[in-house]
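# Observations on the model geometry
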Amino acid sequence: MSRFLFLFCLLAPVFGLKADELPKLGKVPLDEVIKAMTTDEKIRLLTGAGEVTEDLRAAIGYTDKIVPGAAGTTSPVERLGIPAMVLADGPSGLRIDQEREGSNRTYYCTAFPVPTVLASTWNTGLVNLVGKAMGNEVLEYNCDILLAPALNIHRNPLCGRNYEYYSEDPYLTGCMATAMVQGIQENGVGTSIKHFAVNNQETNRIANDAIVSPRALREIYLKGFEMVVKEAKPWIVMSSYNKINGEYTSESYDLLTTILRDEWDYKGIVVTDWFGGRDAVAQVVAGNDLIMPGKVRQQDSIRQALKDGRLAMADVDRNVRRILELILQTPRFKGYVHSDNPDLKAHAAITRDVATEGMVLLKNERQTLPLGDDIKTIAVFGNTSYRAVAGGTGSGDVAEAYTVSLEEGLQNAGYKMDAGIKKMYEEYIDTEEVKIDKKIYMHVTPPRILEYNLPDDVMRKKAEEADIAMVTIGRNAGEYTDRRVEGDFKLCDDEVQMLKKVTKLFHQAGKHVVVILNIGGVVETASWCELPDAILVAWQGGQESGNSLADILSGKVSPSGKLPMTFPIRYEDAASSKNFPVIEAEEAVSIYREFFTGAKGVDRPNVDYTLYEEGIFVGYRYFDSFDVETAYPFGHGLSYTVFKYSNPHCIMTDEGYEFSCTVTNSGETAGKEVVQLYVSAPGLDMVKPEKELRAFAKTRLLALGESETVKMVVKISDLASFDENTFSWIIEAGKYQALWGASSADIRLQKKFDVEAEIKGSELYRVLLPKKELNELKR
């Protein structure tokens, strides 16, 4: 007999009910179920099924209950027909254990391309398809909620989890995340969009105070969440670890109730990030319904607060009701019979197509790419040519069955590779990986292995024998720590020397060199971009990345990816560079542990608090507005063909404005083009960026000479800016400029349109103010 049934036997006399007379979830109104629950059952429902150790393993979420390797479960109340829910990571695919005790089979999941790749496709239909496949694995592996997508902003190039996030632009972020949520939830499983909000650094993420202006908060950091909540209706919103203007997000009534529920009309539940926040009672009051993974002391705190009157039972019942409403939607409650056998082969095919469409060609000189018919033998250099980085570390990691490397992908495509060099690389990498303590780096990004230094005579011989060279530069990052400038954003000395040696020898032999960037975030390119003939950003393309690379390199597919962020010339050129932590990984982990030991910071800039001094000028909004030169601008990406833009039109509709233009393939091969629509506002009454992305569209595959008329709708509300004086969204009157571009710096067409009169929205709640503004308001 389970402990729950045992508990019922003790309580049944109290209620005077037989088992078959008890109200059951889904059989009677929720009020009756809630009334039948004991106080302890309610508290348990609000605090997960945790009782776990607070360590790095638990902090990313791990349970061996129901689905081993999932992030966590909720507490069931069996006597009332309330099942548990299983919540599992993550943004790049389902993260569960691939092996289980007592089973001789495997439970692999698909490692899909990381969200940065998805954003680089600028193709919401394709992202929706990924969501459908990802959601199917959640369903068939017996989970209820996927803790994804993550849609924080690429505020700074060094954020450790940028690979989990889509873009520096909130509109592009919102579009991608909306498509993902809709795709996943079509399977009848839920999503948990995260991390709400302003979680833009990993260093001291669990206690950092993000000090941000109301305008930047509304226009940049909340906008993507608002779009997803209103358009896709995610089942769950996950509150972030950090504070916003002095208050933990999970304890903020203003964020979780006033803005999320009252302003945006959100109907789902809010869950904490694992071990997020300090005060469980404040979390309950704020409307943070589910506290994960749940600790006994949190339950004791809530119980005591109910006794002494600091917490009302009405607040507890409100949160319980929301959780029960969610449980009613889950496949577990509905009795879905899972197969443990999703179609991984079909999902791998989707992964290959998506990674191919998300790769970005930064540079292509002397007709280096696509590879010509005369290219038969290829020499590949760099550790990650042989051990591809499929995705980042931490909760976004996936246990996939395999990962195709660049070398394997090229070999699969019929190119001749050097088995001897492959053996030398693999033996070297195996030897170096053994030296890394996997227990220490279980969920933390391990140290980078120095590039294998091939003997000079071997390299000279390859320059003579091979038709072309490819050099892969790899990067990995993830939770707990942010990246560094030296040896991460910038190439390391061993990488630079490898690149110089390869380009020198192959150029002397009259042969081309291609650099492939197997990265999750931005790297510095300006100091070395003149060395190779072509540069292709492969990102972290999931388990099929090598095959995807071969599809692009061979010309089977013309690249159509565009950058979802800006590549600066120097790190210091980023607007937030002075207000972002740049510390060593060991120190970052030590700071993270302070939270669990009770230690308190001493107001360390960019650690205990971070000033968002750049305001709304994030990414291209800053570079374009202040004429700061970039290495590669937002939206940049080359093709193997050429596209001509013509016939710009703007018409007013009931929804707002419809912008259209004609895109013609005037090059030599079939391809797709991303049309980006920017709008420049008058900026008479309020400081505005030079231009802002307001819409985009991707053409179908256009054959040589073929045209397509691309139409994009911009809602009138999308032209609004947030006015801090009136605390309302305002669309100023005047002349606007519509800009059709191939990137933020490559504007092809322009057309003016008028907004005849100012449009002002309702005044919103003056909440989440920085202390200065809050003090002024109080006066």
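Scope of this entry: the structure provided in the associated data block. (Residues numbered from 1 in each chain as written. Predicted model: local features only at pLDDT ≥ 70, side-chain atom pairs only at ≥ 80, totals over all residues. Heavy atoms only, no water.)

Within the open sheet, the 4 strands sit side by side as β8-β7-β5-β16. Their pairing is mixed. Each edge of the open sheet is held by one strand with a lone partner, namely β8 (247-248) and β16 (609-611). (Pairing = 2+ DSSP bridges. Helix = DSSP H or I, 4+ residues; strand = E, 2+ residues; numbered from the N terminus.)

What follows is about the environment of Leu326. Relative to the helices and strands, Leu326 resides in helix α13 (residues 313-327). Between the C-alpha atoms of Leu326 and Gly160, which are 166 residues apart in sequence, the distance is 32 Å. Setting aside residues no more than four positions away along its own chain, Leu326 makes contact with Met85, Trp235, Ile236 and Ile269. (Contact = heavy atoms within 4.5 Å.)

Following the criterion strictly, the structure yields 58 salt bridges and no others. Glu226 is paired through a salt bridge with Lys230; the nearest N and O atoms lie 2.7 Å apart. With Glu226 and Lys230 both in helix α9 (residues 223-232) and 4 residues apart, the pair spans about one turn of that helix. When its relative accessible area of 41% is taken as the criterion, Lys230 is described as partly exposed. In this structure, the salt-bridge partner of Arg694 is Glu692, at a minimum N-O distance of 3.0 Å. Salt bridges sharing partners connect three or more residues here, namely Arg448, Arg475, Arg483, Asp488, Asp494 and Glu495. (Salt bridge = Lys/Arg side-chain N within 4 Å of Asp/Glu carboxyl O. Buried < 20%, exposed > 50% of the residue type's maximum accessible area, 1.4 Å probe, protein only.)

Moving on, we come to the nonpolar core. Leu94, Phe196, Tyr221, Leu693 and Trp740 are the most contacted members of the largest nonpolar core, which has 108 residues in total. The element contributing the most residues to this core is helix α7 (residues 170-185), with 9 residues. Not counting chain neighbours up to four residues away, the residues in contact with Leu693 comprise Trp122, Asp169, Tyr171, Leu172, Tyr620, Phe634, Gln676, Leu677 and Tyr678. In this structure, Phe381, Leu406, Leu505 and Phe580 belong to the second largest nonpolar core, which totals 74 residues. (Core = buried A, V, L, I, M, F, W, Y, C linked by side-chain atoms within 4.5 Å.)

Ordered in space as β21-β20-β25-β26, the 4 strands form an open sheet in which the pairing is antiparallel. The sheet is open, and its two edges are formed by β21 (692-698) and β26 (746-755), each paired on a single side. Between one strand axis and the next, the sheet turns by 25° as a mean value, whatever way the strands run. Sheet topology places strand β25 (residues 734-743) next to β26; 9 bridges connect them, and they run antiparallel. Bridge pairing in β26 places Tyr736 opposite Phe753. (Axes fitted to C-alpha atoms, helices over the stretch in contact; angles between N-to-C directions.)

Before going further, it helps to spend a moment on the pairing of β25. The buried fraction of β25 amounts to 8 of the 10 residues, a majority that puts the element mostly inside the structure. As paired strands, strand β20 (residues 674-680) and β25 are joined by 5 bridges and run antiparallel to one another. Residue pairing in the sheet places Tyr678 in a bridge with Leu739 of β25. Where β25 hands over to β26, the hairpin turn is made up of 2 residues, counted between the paired strands.

This part covers the packing of helix α3 (residues 39-46) against helix α12 (residues 296-308). Contact geometry for α3 and α12: axes closest at 10 Å, N-to-C directions at 135°. The orientation of α3 relative to α12 falls into the category oblique. Along this stretch, α3 crosses α12, giving a crossing that reads as right-handed. Contact residues: α3 offers Thr39, Asp40, Ile43 and Arg44, while α12 offers Gln299, Ile302, Arg303 and Leu306. A breakdown of the residues in the contact of α3 with α12 according to their chemical character gives 3 nonpolar, 2 polar and 3 charged. (Parallel < 35°, antiparallel > 145°, perpendicular 65-115°, else oblique. Left-handed = near helix turned anticlockwise from the far one by under 90°. Nonpolar A, V, L, I, M, F, W, Y, C, P; charged D, E, K, R; others polar.)

The probe, sized like a water molecule, is rolled over the atoms to show the empty space still left. Empty space within the second largest pocket amounts to approximately 1,000 Å³. Lining the second largest pocket are 39 residues, with Lys223, Met227, Glu231, Lys715 and Asp718 positioned closest to its centre. Elements that contribute at least two residues to the lining of the second largest pocket include exactly α7, α8 (214-221), α9, β21, β22 (707-715) and β24 (728-731). Here the lining of the second largest pocket takes 7 residues from β21, the largest share from any one element. (1 Å grid on protein atoms, 1.4 Å probe; cavity = no way out; pocket = protein on both sides within 12 Å on 5 of 7 lines; lining within 4 Å. Points joined across faces, edges and corners; volume = space filled by probe spheres on them.)

Okay, unusual backbone geometry next. His195 follows Lys194 through a cis peptide bond whose omega is -5°. Within the secondary structure, His195 is located in strand β4 (residues 190-196). With an omega of 0°, the peptide bond running from Leu369 to Pro370 counts as cis. Mapping Pro370 onto the fold places it in the loop between β10 (360-364) and β11 (378-381). Positive phi, normally seen in glycine, also occurs at Trp539, with a value near 55°. Of the residues examined, Trp539 reaches a relative accessible area of 1% and is grouped as buried. For Leu768, which is not glycine, the phi torsion reads 55° and is therefore positive.

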